[in-house]
Amino acid sequence: MTGQTKRVLLAAPRGYCAGVDRAVVAVEKSLDLYGAPVYVRKQIVHNKHVVMTLEKRGAIFVDETDQVPEGATVVFSAHGVAPSVHVEAERLSLKTIDATCPLVTKVHNEAVRFAGEDFDILLIGHEGHEEVVGTAGEAPANIQLVDGPDDVPNVTVRDPERVVWLSQTTLSVDETMETVRRLRDRFPSLQDPPSDDICYATQNRQVAVKQIAPQVDLMLVVGSTNSSNSVRLVEVALEHGARAGHLVDYADEIDPSWLDGVTTVGLTSGASVPEVLVRDVLAWLAERGYGEVDEVVSAQESLLFSLPRELRRDLKAAEAAQAAQGAQALT
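For clarity, every value in this text was computed on a predicted model and none was experimentally measured.

A. Representation of the overall build of the protein chain within the structure. Counting its secondary structure elements, the protein chain contains ten helices and twelve strands. Against the globule reference of 20 Å for 331 residues, the protein chain gives a C-alpha radius of gyration of 22 Å, in line with a compact fold. Reported as C-alpha extents along the three principal axes, the dimensions of the protein chain are approximately 75 × 65 × 30 Å. Counting across all 331 residues of the protein chain, residues that qualify as buried make up 50%. Long-range pairs, those at least 24 residues apart, make up 76% of the contacts in the protein chain between residues at least 6 apart in sequence. By element, 50% of the accessible surface of the protein chain is carried by carbon and sulfur atoms, the whole surface being about 14,900 Å². For the protein chain, the distance from the average position of its 30 positive side-chain charges to the average position of its 49 negative side-chain charges is 3 Å.

B. Here's a closer look at the environment of lysine 95. As for its placement among the helices and strands, lysine 95 is situated in strand 5 (residues 95-98). Residue lysine 95 is classed as partly exposed on the basis of its relative accessible area of 27%. C-alpha separation for the pair lysine 95 and serine 189, spaced 94 residues apart in sequence, amounts to 44 Å. When neighbours within four sequence positions are excluded, lysine 95 is seen to be in contact with Tyr34, Ala72, Thr73, Val74, Arg313 and Asp314. There is a polar contact of 2.7 Å between the side chain of lysine 95 and the side chain of aspartate 314.

C. Spatial organisation of the layout of surface pockets. Considered as a void within the structure, the largest pocket measures approximately 310 Å³ in volume. Forming the walls of the largest pocket are 17 residues, and the residues nearest its centre are His86, Asp98, Thr100, Thr105 and His108. Contributing elements (two or more residues each) for the lining of the largest pocket: helix 3 (83-91), helix 4 (102-116) and helix 10 (309-330). With five residues, the top contributor of residues to the lining of the largest pocket is helix 4.

D. Region of the structure containing the packing of helix 1 (residues 18-34) against helix 10. Relative orientation of the contacting elements helix 1 and helix 10 amounts to 35 degrees, with a least axis distance of 11 Å. Helix 10 is crossed by helix 1, and the crossing has left-handed handedness. Taking contact as the criterion, the partners of Ala26, Lys29, Ser30, Leu33 and Tyr34 in helix 1 are, on helix 10, Glu310, Leu311, Asp314, Leu315 and Ala318. In the contact of helix 1 with helix 10, the residues fall into six nonpolar, one polar and three charged.

E. Fine view of the packing of aromatic side chains. With the rule as written, the count across this model stands at one aromatic pair. Relative to phenylalanine 119, the ring of phenylalanine 114 lies with its centre 5.4 Å away and its plane at 75 degrees, an arrangement referred to as edge-to-face. Residue placement shows arginine 113 over the ring face of phenylalanine 114; its charged tip is 4.5 Å from the ring centre. Lying across the ring of phenylalanine 119, arginine 162 places its NZ or CZ 4.4 Å from the centre.

F. Here's a closer look at the nonpolar core. Membership of the largest hydrophobic core comes to 26 residues, with the highest contact counts inside it found for Val27, Ile44, Val45 and Val75. Elements supplying a minimum of two residues to this core: helix 1, strand 2 (38-41), helix 2 (48-57), strand 3 (59-62) and helix 10. Per-element tally for this core: the top contributor is helix 1, with six residues. When sequence neighbours within four positions are dropped, the list of residues in contact with valine 75 reads Val27, Ser30, Val38, Tyr39, Val40, Arg41, Ile44, Ile97 and Ala99. In this structure, Leu10, Val265, Leu267 and Leu282 belong to the second largest nonpolar core, which totals 20 residues.

G. Structural detail: the pattern of salt bridges. Counting across every chain of the model gives 26 salt bridges. For the salt bridge of arginine 14 with glutamate 275, the shortest nitrogen-to-oxygen distance reads 2.9 Å. With arginine 14 in the loop between strand 1 (7-12) and helix 1 and glutamate 275 in helix 9 (residues 275-286), this pair connects stretches of sequence that are 261 residues apart. For arginine 14, a relative accessible area of 13% translates into the label buried. Here aspartate 185 and arginine 181 are joined by a salt bridge, their closest N and O atoms 3.2 Å apart. With a gap of four residues between them, aspartate 185 and arginine 181 both fall in helix 6 (residues 173-186), about one helical turn apart.

H. How the structure looks around the sheet that holds strand 9 (residues 218-222). Read from one edge to the other, the open sheet built from five strands follows the order 10-9-11-1-12, with strand pairing classed as parallel. Of all the strands in the sheet, the pair left with one neighbour each is strand 10 (245-248) and strand 12 (292-297). Pairwise comparison of adjacent strand axes, ignoring direction, gives a mean angle of 25 degrees for this sheet. In this structure, strand 1 lies alongside strand 12, joined through six bridges in parallel fashion. Counted as the bridge partner of alanine 11 is valine 296 from strand 12. Sitting on the sheet, helix 8 (residues 228-239) is in contact with strand 9, strand 10 and strand 11 (264-269), with an inclination near 165 degrees to strand 10.

Reading the values: the criteria
Residues numbered from 1 in each chain as written. Predicted model: local features only at pLDDT ≥ 70, side-chain atom pairs only at ≥ 80, totals over all residues. Heavy atoms only, no water. Helix = DSSP H or I, 4+ residues; strand = E, 2+ residues; numbered from the N terminus. Rg over C-alpha atoms; globule rule 2.2 N^0.38 Å. Buried < 20%, exposed > 50% of the residue type's maximum accessible area, 1.4 Å probe, protein only. Contact = heavy atoms within 4.5 Å. Areas by Shrake-Rupley, 256 points an atom, 1.4 Å probe, with all protein chains shown as cover. Lys, Arg positive; Asp, Glu negative; His and termini not counted. Charge placed at Lys NZ, Arg CZ, Asp CG, Glu CD. Polar contact = N/O pair within 3.5 Å; in protein donor to acceptor, adjacent residues only side chain to side chain. 1 Å grid on protein atoms, 1.4 Å probe; cavity = no way out; pocket = protein on both sides within 12 Å on 5 of 7 lines; lining within 4 Å. Points joined across faces, edges and corners; volume = space filled by probe spheres on them. Axes fitted to C-alpha atoms, helices over the stretch in contact; angles between N-to-C directions. Left-handed = near helix turned anticlockwise from the far one by under 90°. Nonpolar A, V, L, I, M, F, W, Y, C, P; charged D, E, K, R; others polar. Phe/Tyr/Trp six-rings, centres within 6.5 Å; stacked < 30°, edge-to-face > 60°. Lys NZ or Arg CZ within 6 Å of the ring centre and 35° of its normal. Core = buried A, V, L, I, M, F, W, Y, C linked by side-chain atoms within 4.5 Å. Salt bridge = Lys/Arg side-chain N within 4 Å of Asp/Glu carboxyl O. Pairing = 2+ DSSP bridges.

Quick look at the structure:
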(Lines give C-alpha, C1' and ligand atoms only; values in the text may rest on other atoms or scores of the structure.)
Protein backbone atom coordinates (compact mmCIF):
# COMPACT_ATOMS: atom_id res chain seq x y z
CA MET A 1 0.00 0.00 0.00
CA THR A 2 3.06 2.25 -0.11
CA GLY A 3 2.28 5.42 -2.04
CA GLN A 4 -1.41 4.60 -2.33
CA THR A 5 -3.93 7.03 -0.87
CA LYS A 6 -6.38 5.60 1.59
CA ARG A 7 -9.85 6.81 0.71
CA VAL A 8 -13.56 6.33 1.27
CA LEU A 9 -16.15 6.16 -1.50
CA LEU A 10 -19.36 7.40 0.12
CA ALA A 11 -22.52 6.22 -1.63
CA ALA A 12 -25.37 8.62 -2.33
CA PRO A 13 -28.24 8.30 -1.87
CA ARG A 14 -28.03 6.51 1.48
CA GLY A 15 -29.83 6.53 4.83
CA TYR A 16 -33.34 7.67 5.61
CA CYS A 17 -36.01 7.28 2.95
CA ALA A 18 -39.23 9.30 2.96
CA GLY A 19 -41.26 6.52 4.59
CA VAL A 20 -38.79 6.06 7.46
CA ASP A 21 -38.52 9.78 8.07
CA ARG A 22 -42.32 10.04 8.19
CA ALA A 23 -42.63 7.14 10.65
CA VAL A 24 -39.94 8.37 13.05
CA VAL A 25 -41.33 11.92 13.02
CA ALA A 26 -44.80 10.48 13.64
CA VAL A 27 -43.61 8.91 16.92
CA GLU A 28 -41.73 12.08 17.92
CA LYS A 29 -44.76 14.30 17.22
CA SER A 30 -47.06 11.86 19.04
CA LEU A 31 -44.85 12.06 22.13
CA ASP A 32 -44.89 15.86 21.94
CA LEU A 33 -48.64 16.06 21.43
CA TYR A 34 -50.06 13.28 23.61
CA GLY A 35 -47.23 12.92 26.12
CA ALA A 36 -45.40 9.76 27.17
CA PRO A 37 -45.92 6.94 27.05
CA VAL A 38 -46.82 6.38 23.42
CA TYR A 39 -46.92 2.72 22.44
CA VAL A 40 -45.47 1.47 19.16
CA ARG A 41 -46.45 -1.89 17.69
CA LYS A 42 -43.22 -3.60 16.56
CA GLN A 43 -40.11 -1.55 15.85
CA ILE A 44 -41.18 1.68 14.15
CA VAL A 45 -38.33 1.06 11.68
CA HIS A 46 -35.68 -1.65 11.73
CA ASN A 47 -32.84 0.26 13.35
CA LYS A 48 -31.45 -0.32 16.82
CA HIS A 49 -30.30 3.27 17.35
CA VAL A 50 -33.64 4.80 16.32
CA VAL A 51 -35.58 2.48 18.62
CA MET A 52 -33.30 3.17 21.61
CA THR A 53 -33.50 6.93 21.03
CA LEU A 54 -37.30 6.88 20.94
CA GLU A 55 -37.44 4.66 24.04
CA LYS A 56 -35.47 7.30 25.93
CA ARG A 57 -38.13 9.85 24.95
CA GLY A 58 -40.96 7.67 26.29
CA ALA A 59 -41.95 5.35 23.46
CA ILE A 60 -42.82 1.79 24.54
CA PHE A 61 -42.37 -0.88 21.88
CA VAL A 62 -44.62 -3.94 22.02
CA ASP A 63 -44.93 -7.04 19.86
CA GLU A 64 -48.71 -7.26 19.76
CA THR A 65 -51.65 -4.89 20.00
CA ASP A 66 -53.12 -6.63 23.06
CA GLN A 67 -50.04 -5.56 25.05
CA VAL A 68 -51.19 -1.92 24.79
CA PRO A 69 -53.36 -0.72 27.72
CA GLU A 70 -56.97 -0.07 26.82
CA GLY A 71 -57.53 3.49 25.59
CA ALA A 72 -53.82 4.26 25.08
CA THR A 73 -52.15 5.72 21.98
CA VAL A 74 -50.43 3.28 19.64
CA VAL A 75 -48.40 3.93 16.50
CA PHE A 76 -48.31 1.25 13.80
CA SER A 77 -44.85 0.80 12.28
CA ALA A 78 -43.71 1.76 8.78
CA HIS A 79 -43.93 -1.89 7.71
CA GLY A 80 -47.74 -1.99 7.84
CA VAL A 81 -50.25 -4.21 9.60
CA ALA A 82 -52.97 -6.64 8.61
CA PRO A 83 -56.63 -5.55 8.84
CA SER A 84 -57.06 -7.80 11.89
CA VAL A 85 -54.68 -5.51 13.82
CA HIS A 86 -56.96 -2.51 13.18
CA VAL A 87 -59.92 -4.58 14.39
CA GLU A 88 -58.07 -5.53 17.59
CA ALA A 89 -57.09 -1.89 18.19
CA GLU A 90 -60.70 -0.79 17.84
CA ARG A 91 -61.81 -3.49 20.27
CA LEU A 92 -59.35 -2.12 22.85
CA SER A 93 -60.47 1.49 22.20
CA LEU A 94 -56.92 2.44 21.23
CA LYS A 95 -56.03 5.76 19.66
CA THR A 96 -54.17 4.65 16.53
CA ILE A 97 -51.60 6.51 14.45
CA ASP A 98 -50.92 4.54 11.27
CA ALA A 99 -47.33 5.24 10.18
CA THR A 100 -47.36 2.61 7.43
CA CYS A 101 -45.14 3.73 4.55
CA PRO A 102 -47.37 4.88 1.66
CA LEU A 103 -45.40 2.62 -0.68
CA VAL A 104 -46.29 -0.38 1.51
CA THR A 105 -49.92 0.78 1.55
CA LYS A 106 -49.77 0.73 -2.26
CA VAL A 107 -48.87 -2.98 -2.16
CA HIS A 108 -51.70 -3.63 0.32
CA ASN A 109 -54.14 -1.95 -2.05
CA GLU A 110 -52.85 -4.04 -4.96
CA ALA A 111 -53.39 -7.20 -2.91
CA VAL A 112 -56.98 -6.18 -2.11
CA ARG A 113 -57.68 -5.35 -5.74
CA PHE A 114 -56.31 -8.60 -7.20
CA ALA A 115 -57.94 -10.70 -4.50
CA GLY A 116 -61.24 -8.99 -5.36
CA GLU A 117 -60.71 -10.19 -8.93
CA ASP A 118 -59.94 -13.69 -7.54
CA PHE A 119 -56.35 -13.87 -8.74
CA ASP A 120 -53.78 -16.10 -7.11
CA ILE A 121 -51.26 -13.60 -5.68
CA LEU A 122 -47.63 -14.70 -5.45
CA LEU A 123 -46.04 -12.46 -2.82
CA ILE A 124 -42.25 -12.42 -3.16
CA GLY A 125 -40.71 -11.77 0.24
CA HIS A 126 -39.11 -13.17 3.36
CA GLU A 127 -41.02 -15.47 5.68
CA GLY A 128 -41.96 -13.73 8.93
CA HIS A 129 -40.97 -10.21 7.87
CA GLU A 130 -43.48 -7.73 9.31
CA GLU A 131 -44.24 -6.20 5.93
CA VAL A 132 -45.01 -9.61 4.43
CA VAL A 133 -47.25 -10.54 7.37
CA GLY A 134 -49.19 -7.30 6.98
CA THR A 135 -49.63 -7.60 3.20
CA ALA A 136 -50.61 -11.28 3.38
CA GLY A 137 -53.21 -10.39 5.99
CA GLU A 138 -55.11 -8.33 3.40
CA ALA A 139 -56.10 -11.45 1.44
CA PRO A 140 -54.88 -14.62 3.15
CA ALA A 141 -57.02 -16.91 0.98
CA ASN A 142 -55.45 -15.60 -2.25
CA ILE A 143 -51.83 -14.93 -1.25
CA GLN A 144 -48.96 -17.39 -1.05
CA LEU A 145 -45.41 -16.46 -0.15
CA VAL A 146 -42.52 -17.06 -2.54
CA ASP A 147 -39.30 -16.76 -0.55
CA GLY A 148 -36.77 -16.27 -3.34
CA PRO A 149 -35.95 -18.07 -6.60
CA ASP A 150 -35.42 -21.48 -4.98
CA ASP A 151 -38.97 -21.42 -3.61
CA VAL A 152 -40.56 -21.24 -7.08
CA PRO A 153 -40.91 -25.04 -7.56
CA ASN A 154 -43.12 -25.15 -4.45
CA VAL A 155 -45.72 -22.76 -5.90
CA THR A 156 -49.16 -24.11 -6.82
CA VAL A 157 -52.00 -22.07 -8.33
CA ARG A 158 -55.65 -22.71 -9.11
CA ASP A 159 -55.65 -21.17 -12.58
CA PRO A 160 -52.35 -20.43 -14.38
CA GLU A 161 -54.17 -17.78 -16.43
CA ARG A 162 -55.07 -15.73 -13.34
CA VAL A 163 -51.81 -15.23 -11.48
CA VAL A 164 -50.07 -11.99 -10.42
CA TRP A 165 -46.89 -11.30 -8.47
CA LEU A 166 -46.35 -8.64 -5.81
CA SER A 167 -43.32 -8.10 -3.60
CA GLN A 168 -41.99 -6.89 -0.31
CA THR A 169 -40.66 -3.37 -0.88
CA THR A 170 -37.15 -3.89 0.54
CA LEU A 171 -35.82 -6.82 -1.49
CA SER A 172 -32.81 -7.19 -3.75
CA VAL A 173 -33.94 -6.01 -7.18
CA ASP A 174 -31.80 -8.60 -8.97
CA GLU A 175 -32.99 -11.51 -6.83
CA THR A 176 -36.61 -10.45 -7.18
CA MET A 177 -36.33 -10.25 -10.97
CA GLU A 178 -34.75 -13.71 -11.01
CA THR A 179 -37.67 -15.00 -8.93
CA VAL A 180 -40.12 -13.41 -11.37
CA ARG A 181 -38.27 -14.93 -14.33
CA ARG A 182 -38.55 -18.41 -12.85
CA LEU A 183 -42.20 -17.86 -11.97
CA ARG A 184 -42.93 -16.75 -15.55
CA ASP A 185 -41.20 -19.87 -16.88
CA ARG A 186 -43.79 -21.86 -14.94
CA PHE A 187 -46.72 -19.49 -15.46
CA PRO A 188 -46.34 -17.64 -18.80
CA SER A 189 -49.50 -15.57 -18.16
CA LEU A 190 -48.12 -14.20 -14.89
CA GLN A 191 -49.14 -10.55 -14.50
CA ASP A 192 -46.91 -7.80 -13.15
CA PRO A 193 -47.99 -5.30 -10.48
CA PRO A 194 -49.26 -1.98 -11.90
CA SER A 195 -45.98 -0.33 -10.86
CA ASP A 196 -42.75 -1.34 -9.13
CA ASP A 197 -43.33 -2.75 -5.64
CA ILE A 198 -39.68 -2.51 -4.61
CA CYS A 199 -39.46 1.03 -3.29
CA TYR A 200 -37.50 3.80 -4.99
CA ALA A 201 -35.15 4.15 -2.00
CA THR A 202 -34.28 0.45 -1.89
CA GLN A 203 -33.53 0.50 -5.61
CA ASN A 204 -31.51 3.72 -5.47
CA ARG A 205 -29.34 2.49 -2.59
CA GLN A 206 -28.63 -0.76 -4.41
CA VAL A 207 -27.74 1.07 -7.63
CA ALA A 208 -25.33 3.32 -5.69
CA VAL A 209 -23.63 0.28 -4.16
CA LYS A 210 -23.38 -1.45 -7.55
CA GLN A 211 -21.63 1.64 -8.90
CA ILE A 212 -18.89 1.77 -6.27
CA ALA A 213 -18.51 -1.93 -5.36
CA PRO A 214 -16.03 -2.78 -8.16
CA GLN A 215 -13.70 -0.03 -6.88
CA VAL A 216 -13.57 -0.99 -3.19
CA ASP A 217 -11.59 -3.46 -1.12
CA LEU A 218 -14.10 -3.28 1.74
CA MET A 219 -17.76 -2.23 1.80
CA LEU A 220 -19.19 -1.08 5.12
CA VAL A 221 -22.97 -0.84 5.40
CA VAL A 222 -24.41 0.92 8.44
CA GLY A 223 -27.63 -0.79 9.46
CA SER A 224 -29.22 -3.33 11.76
CA THR A 225 -29.31 -7.08 11.16
CA ASN A 226 -33.14 -7.14 11.09
CA SER A 227 -33.22 -4.48 8.36
CA SER A 228 -33.93 -6.32 5.13
CA ASN A 229 -32.76 -3.51 2.86
CA SER A 230 -29.50 -3.06 4.84
CA VAL A 231 -28.65 -6.77 4.69
CA ARG A 232 -29.33 -6.70 0.93
CA LEU A 233 -26.80 -3.88 0.47
CA VAL A 234 -23.98 -6.07 1.78
CA GLU A 235 -25.05 -8.88 -0.55
CA VAL A 236 -25.27 -6.52 -3.53
CA ALA A 237 -21.78 -5.16 -2.80
CA LEU A 238 -20.26 -8.63 -2.71
CA GLU A 239 -22.11 -9.70 -5.86
CA HIS A 240 -20.80 -6.66 -7.76
CA GLY A 241 -17.11 -6.73 -6.98
CA ALA A 242 -16.36 -5.69 -3.40
CA ARG A 243 -13.66 -7.92 -1.93
CA ALA A 244 -15.32 -7.92 1.49
CA GLY A 245 -18.43 -6.46 3.11
CA HIS A 246 -19.79 -6.03 6.62
CA LEU A 247 -22.94 -4.71 8.29
CA VAL A 248 -22.51 -2.64 11.47
CA ASP A 249 -24.85 -0.64 13.68
CA TYR A 250 -22.12 1.59 15.10
CA ALA A 251 -18.55 2.61 14.30
CA ASP A 252 -17.19 0.79 17.34
CA GLU A 253 -18.39 -2.52 15.86
CA ILE A 254 -15.84 -2.26 13.04
CA ASP A 255 -12.99 -4.72 13.46
CA PRO A 256 -9.68 -2.93 12.70
CA SER A 257 -8.42 -6.15 11.11
CA TRP A 258 -10.96 -5.63 8.30
CA LEU A 259 -8.72 -2.78 7.11
CA ASP A 260 -5.65 -4.98 6.58
CA GLY A 261 -4.50 -4.43 3.00
CA VAL A 262 -7.42 -2.12 2.29
CA THR A 263 -6.85 1.05 0.25
CA THR A 264 -10.44 1.94 -0.66
CA VAL A 265 -13.42 1.59 1.67
CA GLY A 266 -16.98 1.88 0.37
CA LEU A 267 -19.56 3.25 2.80
CA THR A 268 -23.34 3.40 2.70
CA SER A 269 -26.31 2.98 5.02
CA GLY A 270 -29.72 1.36 4.93
CA ALA A 271 -32.96 3.28 4.48
CA SER A 272 -33.72 3.30 8.22
CA VAL A 273 -30.34 4.68 9.35
CA PRO A 274 -29.83 8.27 10.60
CA GLU A 275 -26.91 10.13 9.01
CA VAL A 276 -25.20 10.71 12.36
CA LEU A 277 -24.19 7.03 12.44
CA VAL A 278 -22.55 7.32 9.01
CA ARG A 279 -20.65 10.42 10.20
CA ASP A 280 -19.39 8.43 13.19
CA VAL A 281 -18.01 5.77 10.84
CA LEU A 282 -16.33 8.43 8.69
CA ALA A 283 -14.67 9.86 11.81
CA TRP A 284 -13.53 6.36 12.87
CA LEU A 285 -12.02 5.75 9.42
CA ALA A 286 -10.36 9.19 9.35
CA GLU A 287 -8.57 8.39 12.60
CA ARG A 288 -7.06 5.39 10.82
CA GLY A 289 -5.86 7.28 7.77
CA TYR A 290 -8.90 7.19 5.53
CA GLY A 291 -9.33 10.95 5.46
CA GLU A 292 -10.06 11.38 1.76
CA VAL A 293 -13.81 11.04 1.17
CA ASP A 294 -15.34 11.06 -2.31
CA GLU A 295 -19.13 11.06 -2.48
CA VAL A 296 -20.43 9.10 -5.46
CA VAL A 297 -23.92 10.31 -6.39
CA SER A 298 -26.04 7.97 -8.50
CA ALA A 299 -29.45 9.62 -8.00
CA GLN A 300 -31.15 12.60 -6.40
CA GLU A 301 -34.08 12.09 -4.00
CA SER A 302 -36.63 14.72 -3.08
CA LEU A 303 -39.75 12.71 -2.19
CA LEU A 304 -41.52 13.66 1.03
CA PHE A 305 -44.59 12.08 2.64
CA SER A 306 -47.05 13.97 4.82
CA LEU A 307 -47.62 12.79 8.38
CA PRO A 308 -50.42 10.28 9.10
CA ARG A 309 -53.88 11.82 8.70
CA GLU A 310 -54.89 11.26 12.34
CA LEU A 311 -51.79 13.01 13.59
CA ARG A 312 -52.15 15.96 11.21
CA ARG A 313 -55.74 16.42 12.40
CA ASP A 314 -54.78 16.43 16.08
CA LEU A 315 -51.79 18.72 15.52
CA LYS A 316 -54.02 21.19 13.69
CA ALA A 317 -56.59 21.07 16.51
CA ALA A 318 -53.86 21.62 19.12
CA GLU A 319 -52.48 24.61 17.18
CA ALA A 320 -55.99 26.10 16.89
CA ALA A 321 -56.61 25.65 20.63
CA GLN A 322 -53.26 27.26 21.44
CA ALA A 323 -54.03 30.19 19.16
CA ALA A 324 -57.44 30.63 20.78
CA GLN A 325 -55.88 30.64 24.25
CA GLY A 326 -53.35 33.23 23.10
CA ALA A 327 -56.08 35.46 21.73
CA GLN A 328 -58.13 35.11 24.91
CA ALA A 329 -55.12 36.07 27.04
CA LEU A 330 -54.77 39.28 25.08
CA THR A 331 -58.40 40.37 25.73
